[in-house]
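One-letter residues, chain by chain:
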Amino acid sequence: MGMLYGGQVQTMMPKLHSTNFEGMELIRPMYLVREADIIKWRDHNDLHFLQCACHFTDTCTTCHEDGTTASKRLETKKLIAELKQGYPQVEANIFNSVSNVNLSTVIAYKQNGVKHHFLDTYDGEE
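Residues numbered from 1 in each chain as written. Predicted model: local features only at pLDDT ≥ 70, side-chain atom pairs only at ≥ 80, totals over all residues. Heavy atoms only, no water.

**Q** Give a description of the pairing of strand β4 (residues 114-117) that names residues and reports values.
**A** Bridging between strand β3 (residues 108-111) and β4 involves four bridges; their strand directions are antiparallel. Looking at β4, one finds that Lys110 is bridged to Lys115. Counting the residues in the hairpin turn of β3 and β4 gives two residues, including Asn112, whose phi is positive at 55°. (Pairing = 2+ DSSP bridges. Helix = DSSP H or I, 4+ residues; strand = E, 2+ residues; numbered from the N terminus.)

**Q** Help me get a handle on the confidence of the model for the chain, residues and values and all.
**A** With 83% of its residues at a pLDDT of 70 or more, the chain has an overall mean of 84. When pLDDT is averaged over each helix and strand of the chain, the minimum, 88, is found for helix α1 (residues 2-6) and the maximum, 93, for β4. (pLDDT = per-residue confidence, 0-100.)

**Q** How would you summarise a nonpolar patch on the surface if you had to cite specific residues and measurements?
**A** Residues Met1, Met3, Leu4, Tyr5, Val9, Leu79, Leu83 and Val98 make up a contiguous nonpolar surface patch of roughly 740 Å² in combined accessible area. Elements represented by at least two residues in the nonpolar patch include exactly α1 and α3 (72-86). If you tally residues by element for the nonpolar patch, the top one is α1, at three residues. Accessibility expressed as a relative area gives 53% for Leu4, which makes it exposed. (Patch = residues over 30% accessible without salt bridge, like charges linked within 9 Å, V, L, I, M, F, W, Y side chains within 5 Å. Areas by Shrake-Rupley, 256 points an atom, 1.4 Å probe, with all protein chains shown as cover. Salt bridge = Lys/Arg side-chain N within 4 Å of Asp/Glu carboxyl O. Buried < 20%, exposed > 50% of the residue type's maximum accessible area, 1.4 Å probe, protein only.)

**Q** Outline the packing of aromatic side chains, supporting the account with residue identities and numerical values.
**A** Inspection of the entire model under this criterion finds two aromatic pairs. Ring centres of Tyr31 and Phe95 lie 6.4 Å apart, and the angle between their planes is 40°; on these two criteria the pair is classed as tilted. Linking Tyr31 in the loop between β2 (25-27) and α2 (35-44) with Phe95 in helix α4 (residues 90-97), this pair joins segments that are 64 residues apart in sequence. The class for Phe95 is partly exposed, based on a relative accessible area of 40%. Between Phe118 and Tyr122, the ring centres sit 6.0 Å apart and the planes meet at 85°, which makes this aromatic pair edge-to-face. Taking the relative accessible area as the measure of exposure, Phe118 reaches 37% and is therefore partly exposed. For Arg42, the ring lying beneath its charged end belongs to Phe49, and the centroid distance is 5.9 Å. (Phe/Tyr/Trp six-rings, centres within 6.5 Å; stacked < 30°, edge-to-face > 60°. Lys NZ or Arg CZ within 6 Å of the ring centre and 35° of its normal.)

**Q** Please give an account of the side chain of Ser71 that cites residues and values.
**A** Structurally, the position occupied by Ser71 is in the loop between α2 and α3. At 3.1 Å, the side chain of Ser71 and the backbone nitrogen of Leu74 are in polar contact. (Polar contact = N/O pair within 3.5 Å; in protein donor to acceptor, adjacent residues only side chain to side chain.)

**Q** Tell me about the environment of Thr121, residues and numbers included.
**A** With respect to the element layout, Thr121 can be found in the segment after β4. A sequence separation of 17 residues divides Thr121 from Ser104, and the C-alpha atoms of the two residues are 9.7 Å apart.

**Q** For the layout of surface pockets, give the residues involved together with the corresponding values.
**A** Picture a little ball the size of a water molecule; that probe, rolled over the atoms, points out where space is still empty. Each pocket or cavity is described by its volume, and for the second largest pocket that value is around 700 Å³. Counted by class, the lining of the second largest pocket contains nine nonpolar, five polar and two charged residues. (1 Å grid on protein atoms, 1.4 Å probe; cavity = no way out; pocket = protein on both sides within 12 Å on 5 of 7 lines; lining within 4 Å. Points joined across faces, edges and corners; volume = space filled by probe spheres on them. Nonpolar A, V, L, I, M, F, W, Y, C, P; charged D, E, K, R; others polar.)

**Q** Would you mind going over the pattern of salt bridges in detail, with residue names and values included?
**A** Tallied over the full model, the rule gives six salt bridges. The closest approach of N and O atoms between Arg34 and Glu91, which form a salt bridge, is 3.4 Å. Of this pair, Arg34 sits in the loop between β2 and α2 while Glu91 sits in helix α4, and the two are 57 residues apart along the sequence. Under the relative-accessibility criterion, Arg34 is labelled partly exposed at 44%. A salt bridge links Glu75 to Lys72; the nearest nitrogen and oxygen atoms lie 3.6 Å apart. You can see Glu75 and its partner Lys72 sitting in helix α3, three residues apart, about one turn around the helix. According to the relative accessible area criterion, Glu75 is partly exposed, its value standing at 37%. Residue class for Lys72 comes out partly exposed when judged on its relative accessible area of 43%. Connected through shared salt-bridge partners, Arg34, Lys84 and Glu91 make up one network.

Spelled out as structure tokens, the structure:
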């Protein structure tokens, strides 16, 4: 979503230090579990999940698979599903692409709020 709609590459980290509470860590233990598997488990156990308060999911209750009302998240899911029909590994490749970054082949990147550009070291100068 960030690449398509925000012009950025970033991930939701599975473990990170809280910026609001010193010494606290946020752990997302299910980050490798596929949404479809969670839905199957939910349905098998006749569970009902609470809607997330995250602003990215504000419109989820109004999103319909038939496309009558769509969020960018649903639009992206449909795009990936279409791509998957012709290339089954597309989801795995998207996921793996953010863990196989070769910084020497990236035009620019940010680290600790500082932007680095390939031209900074192009001629061997630092």
